[in-house]
Amino acid sequence: AQKVTQAQTEISVVEKEDVTLDCVYETRDTTYYLFWYKQPPSGELVFLIRRNSFDEQNEISGRYSWNFQKSTSSFNFTITASQVVDSAVYFCALSEVNFGNEKLTFGTGTRLTIIP
Amino acid sequence: EADIYQTPRYLVIGTGKKITLECSQTMGHDKMYWYQQDPGMELHLIHYSYGVNSTEKGDLSSESTVSRIRTEHFPLTLESARPSHTSQYLCASSLPLGLAGGTLFFGPGTRLTVL
């Protein structure tokens, strides 16, 4: 069975600091997808990124970057020069490729607070 | 930007009432989902559908029921609400994994309080 672990329950950093959110996953499949979602105080889940298991290239989008390492089954998320608007709960998720029956498994989330 | 809508956004009702939470999407997605979440906590899949007339129970047992008569509409019903049903309910839809990698797009959620 697939599993996603976000060991950091809560993180607080001062504005402009860099912060990394950890995500470790377990799966028996060789083909799968990994995701990050952001949930601001308004409650809506916002899609941030999708990565498939064959693409280990790191990705950068503005202040956000993602480090995917299959060797350690990790898909970590770094925010550079954090801002107050980054305060949210962040969820990592995993989807195995079982065509017709795919479901997303979420981690328990990391609450990030940016202190002004 | 995803076009998935949920109504009502907030609902406060008394115990024993029947309620229906609405979810609609205009993206033509076949797959739709309902998640239950206490604020800022873990998401639990309670129902999903892979197309019209298809509904399945999720990982978390729920007393709610769903229907999928039209592709765009996936309502969730509680026949008799109880305080233990107080939670946030999030609806989502997705393309198949072969397209857009199974990315779920979420609605804004319904915050339900049962007194």
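Up top you'll find the structure we're talking about.
All of these numbers come straight from a predicted model, not from anything done at the bench.

## A few points about the overall build of chain A
Helix and strand counts for chain A come out as zero helices and 12 strands. For chain A, the α and β elements follow one another from N to C terminus as β-β-β-β-β-β-β-β-β-β-β-β. Taken against the 2.2 N^0.38 rule, which gives 13 Å for 116 residues, the C-alpha radius of gyration of chain A at 14 Å falls within 12% of a compact globule. Projected onto the principal axes, the alpha-carbon positions of chain A cover approximately 45 × 30 × 20 Å. By residue count, 45% of the 116 residues in chain A fall in the buried class. Expressed as a percentage of contacts within chain A between residues at least 6 apart in sequence, the contacts between residues at least 24 apart total 56%. For chain A, the accessible surface area stands at approximately 5,600 Å², while carbon and sulfur atoms represent 48% of it. Of the side-chain charges in chain A, 10 are positive and 14 negative, and the distance between the mean point of each set is 3 Å.

## Details of the interface of chain A and chain B
With 27 residues of chain A in contact, the opposing surface of chain B contributes 28 residues. Summed over both sides, the interface between chain A and chain B buries roughly 2,000 Å², with carbon and sulfur atoms accounting for 55% of that surface. Taken together, chain A and chain B are joined by zero salt bridges. In this structure, the connection of chain A to chain B is made through three residue pairs in polar contact (both at pLDDT 80 or more). Within the residue set of the side of chain A that touches chain B, elements represented by two or more residues are β5 (32-39), β6 (46-52), β10 (88-96) and β11 (104-106) of chain A. Here the residues of the side of chain A that touches chain B sort into 12 nonpolar, nine polar and six charged.

## Points about the nonpolar core
Of all hydrophobic cores here, the largest spans 23 residues; its most connected members are A:W36, A:F77 and A:Y90. If you list the elements that add at least two residues to this core, you get β2 (10-14), β3 (19-21), β5, β8 (64-69), β9 (74-79), β10 and β12 (110-115) of chain A. In terms of residue count, β10(A) provides more of this core than any other element does, four residues in total. In terms of nonpolar packing, the next biggest core, distinct from the first, is built from 19 residues, A:L45, A:A93, B:L43 and B:L45 among them.

## Some points on the sheet that holds strand β7 (residues 65-66) of chain B
Residues and elements named next belong to chain B. In spatial order, the strands read β1-β3-β8-β7; together these four strands make up an open sheet with antiparallel pairing. Strands with a single pairing partner mark the edges of an open sheet, and in this sheet they are β1 (4-7) and β7. Bridge analysis of strand β3 (residues 19-25) against strand β8 (residues 76-78) gives three bridges, and the strand direction is antiparallel. Across the sheet, residue L21 finds its bridge partner in β8, namely L76.

## Considerations on the pairing of strand β5 (residues 43-51) of chain B
Residues and elements named next belong to chain B. Within β5, eight of the nine residues are buried, which leaves it mostly tucked inside the rest of the structure. The pairing of strand β4 (residues 31-37) with β5 spans six bridges and is antiparallel. In the strand pairing of β5, Y35 is matched with L45. Between β4 and β5, which pair antiparallel in sequence order, lie five residues; one of them, G40, sits at a positive phi of approximately 70°. Pairing of β5 with strand β6 (residues 54-57) involves three bridges; the strand directions are antiparallel. Looking at the pairing, Y48 lines up with E56 of β6. Turn length for the β5-β6 hairpin, with the two strands adjacent in sequence and antiparallel, is two residues, and the turn residue N53 shows positive phi of about 65°.

About the criteria used
Residues numbered from 1 in each chain as written. Chains lettered and ligands numbered in written order. Predicted model: local features only at pLDDT ≥ 70, side-chain atom pairs only at ≥ 80, totals over all residues. Heavy atoms only, no water. Helix = DSSP H or I, 4+ residues; strand = E, 2+ residues; numbered from the N terminus. Rg over C-alpha atoms; globule rule 2.2 N^0.38 Å. Buried < 20%, exposed > 50% of the residue type's maximum accessible area, 1.4 Å probe, protein only. Contact = heavy atoms within 4.5 Å. Areas by Shrake-Rupley, 256 points an atom, 1.4 Å probe, with all protein chains shown as cover. Lys, Arg positive; Asp, Glu negative; His and termini not counted. Charge placed at Lys NZ, Arg CZ, Asp CG, Glu CD. Buried area = accessible area lost by both parts, 1.4 Å probe. Salt bridge = Lys/Arg side-chain N within 4 Å of Asp/Glu carboxyl O. Polar contact = N/O pair within 3.5 Å; in protein donor to acceptor, adjacent residues only side chain to side chain. Nonpolar A, V, L, I, M, F, W, Y, C, P; charged D, E, K, R; others polar. Core = buried A, V, L, I, M, F, W, Y, C linked by side-chain atoms within 4.5 Å. Pairing = 2+ DSSP bridges.

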